[in-house]
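Remarks on the overall topology
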Amino acid sequence: MPKRVVAFTGPSNSGKTTTIVKVAQLLKSTYRLAIVKHDPSDKGVFDKEGKDSWKFSQTGAEVVVTSPTRTTFFSQRPQEIHSIVKLVGDVDLVIIEGLKTLPFPRIAIFRNELDSAYFPHSNALAIDSSVDLSKYSVPKDLDILDLNDTKALCEWIESHAQVVQES
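**A look at the overall build of the chain**
Scanning the chain from N- to C-terminus turns up four helices and nine strands. Along its sequence from the N terminus, the chain presents helices and strands in the succession β-α-β-α-β-β-α-β-β-β-β-α-β. By its C-alpha atoms, the chain is 55 × 35 × 25 Å across when sized along the principal axes. Taking all 167 residues of the chain together, the buried fraction comes to 37%. Between the mean site of the 20 positive side-chain charges and the mean site of the 21 negative ones, the chain shows a separation of 4 Å.

This is how it looks when you write it as structure tokens:
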């Protein structure tokens, strides 16, 4: 099965992470998954100060920690998304959170109100009953999905995820 990519975007606290977890729980029985999280504020802390891996990272080197149950890659430089997709290895589906301008099929998540700035970069809007669509001019080419219907979100992903060619 070729590797495919789909993305989620939306404002802070819109429910992106919760939605991705629900979708991943449902899709994991059919697909080998990878999830890529964008941290635009560079706030993520993934290594504990004083540990060997932290000391290695302080040198500026790329660091890989491997164990019988996992492998962790600590990079000291930004990576292009296609390099990251290749890095995650043998998976069927990569779900990206964020990076809203990358050209991948994208579901924008909203609660309470829409932000039209997301429309040009999205293929679908996932909303709940707190959003009154009659207040907005939503482009007709955007699919409207029920944020609380995880099965429907998964069906959209399965029919829209983009195949990526790896070289």
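**Overview of the pattern of salt bridges**
Per the stated rule, a full pass over the model turns up five salt bridges. Notably, a salt bridge pairs aspartate 90 with arginine 32, separated by 2.7 Å at the nearest N-O pair. You can see aspartate 90 sitting in the loop between helix H3 (81-87) and strand S5 (93-97) and its partner arginine 32 sitting in the loop between helix H1 (16-27) and strand S2 (33-37), a full 58 residues away along the chain. On the basis of relative accessibility, which here comes to 61%, the residue aspartate 90 falls in the exposed class. Glutamate 155 serves as the salt-bridge partner of lysine 151, at 3.6 Å between the closest nitrogen and oxygen. Here lysine 151 and its partner glutamate 155 are both found in helix H4 (residues 150-160), four residues apart, which amounts to about one turn of the helix.

**Topic: the packing of aromatic side chains**
For the structure on display, the rule yields one aromatic pair. The interplanar angle of 80° and the centroid separation of 5.5 Å between the aromatic rings of phenylalanine 110 and tyrosine 118 together place this pair among those described as edge-to-face.

**Brief notes about a nonpolar patch on the surface**
Taken together, the side chains of Val64, Phe73 and Leu87 define a hydrophobic patch exposed on the protein surface, amounting to about 270 Å² of accessible area. Tracing the backbone through its elements, the reader meets phenylalanine 73 in strand S4 (residues 71-74).

**Brief notes about the packing of H1 against H4**
Here H1 crosses H4 at 75°, and the two axes come no closer than 9 Å. Taken together, H1 and H4 sit at an angle that is classed as roughly perpendicular. Contact with H1, carried on its side by Thr19, Lys22, Val23, Leu26 and Leu27, involves Thr150, Lys151, Leu153, Cys154, Ile157 and Glu158 of H4 and no other residues of that element. Of the residues in the contact of H1 with H4, the class split is six nonpolar, two polar and three charged.

**Quick notes on the environment of serine 53**
Position of serine 53 relative to the elements: it lies in helix H2 (residues 52-57). Along the chain, serine 53 and valine 63 lie ten residues apart, while their C-alpha atoms are 7.1 Å from each other. Non-local contacts of serine 53, meaning those with residues more than four positions away in its chain, are made with Asp47, Val63, Val65 and Phe74.

**Observations regarding unusual backbone geometry**
One non-glycine residue, asparagine 13, lies in the positive phi region at around 65°. Accessibility expressed as a relative area gives 78% for asparagine 13, which makes it exposed. Of note in this structure, asparagine 112 is not a glycine but carries a positive phi near 70°. Among the secondary structure elements, asparagine 112 is positioned in the loop between strand S6 (106-110) and strand S7 (124-127).

Here is what the cut-offs are and how they apply
- For every chain, the first residue of the written sequence is number 1, and numbering continues from 1 along that sequence.
- Totals for whole chains, interfaces and linings use all residues, but because this is a predicted model, local features are given only for residues with pLDDT of at least 70 and pairs of side-chain atoms are given and counted only at 80 or more.
- The side-chain numbers reported here are obtained from all heavy atoms of the structure, hydrogens and water having been left aside.
- Secondary structure elements are defined from DSSP: runs of H or I of at least 4 residues count as helices, runs of E of at least 2 residues count as strands, and each element is numbered from the N terminus.
- When a residue's accessible area, from a 1.4 Å probe over protein chains only, is under 20% of the maximum for its type it is buried; when over 50% it is exposed; and in between it is partly exposed.
- When charges are tallied, Lys and Arg are placed among the positive residues and Asp and Glu among the negative ones, while His and the ends of the chain are skipped.
- Lysine's charge is taken at NZ, arginine's at CZ, aspartate's at CG and glutamate's at CD.
- Just to be clear on terms, a salt bridge is a Lys or Arg side-chain nitrogen sitting within 4 Å of an Asp or Glu carboxyl oxygen.
- Geometry of aromatic contacts follows a simple scheme: Phe, Tyr and Trp rings, the Trp one being its six-membered ring, pair when their centres are within 6.5 Å, and the pair is stacked under 30 degrees between planes, edge-to-face over 60, tilted otherwise.
- Nonpolar side chains (Val, Leu, Ile, Met, Phe, Trp, Tyr) within 5 Å and like charges within 9 Å form the patches, drawn only from residues with over 30% relative accessible area and no salt bridge.
- A 1.4 Å probe and the Shrake-Rupley method give the accessible areas. Residues count as covered only by the protein chains that appear here.
- Only the stretch in contact is used when fitting a helix axis, every axis being a line fitted to C-alpha atoms; angles between N-to-C directions are given from 0 to 180 degrees.
- Geometric relationships in this document are graded by angle, where less than 35 degrees denotes roughly parallel, more than 145 denotes roughly antiparallel, 65 to 115 denotes roughly perpendicular, and other angles denote oblique.
- Any pair of residues with heavy atoms lying within 4.5 Å of one another is described as a contacting pair.
- Ten residue types, Ala, Val, Leu, Ile, Met, Phe, Trp, Tyr, Cys and Pro, are classed as nonpolar, four, Asp, Glu, Lys and Arg, as charged, and the remainder, Gly among them, as polar.

Nothing here speaks to function; it is geometry throughout.
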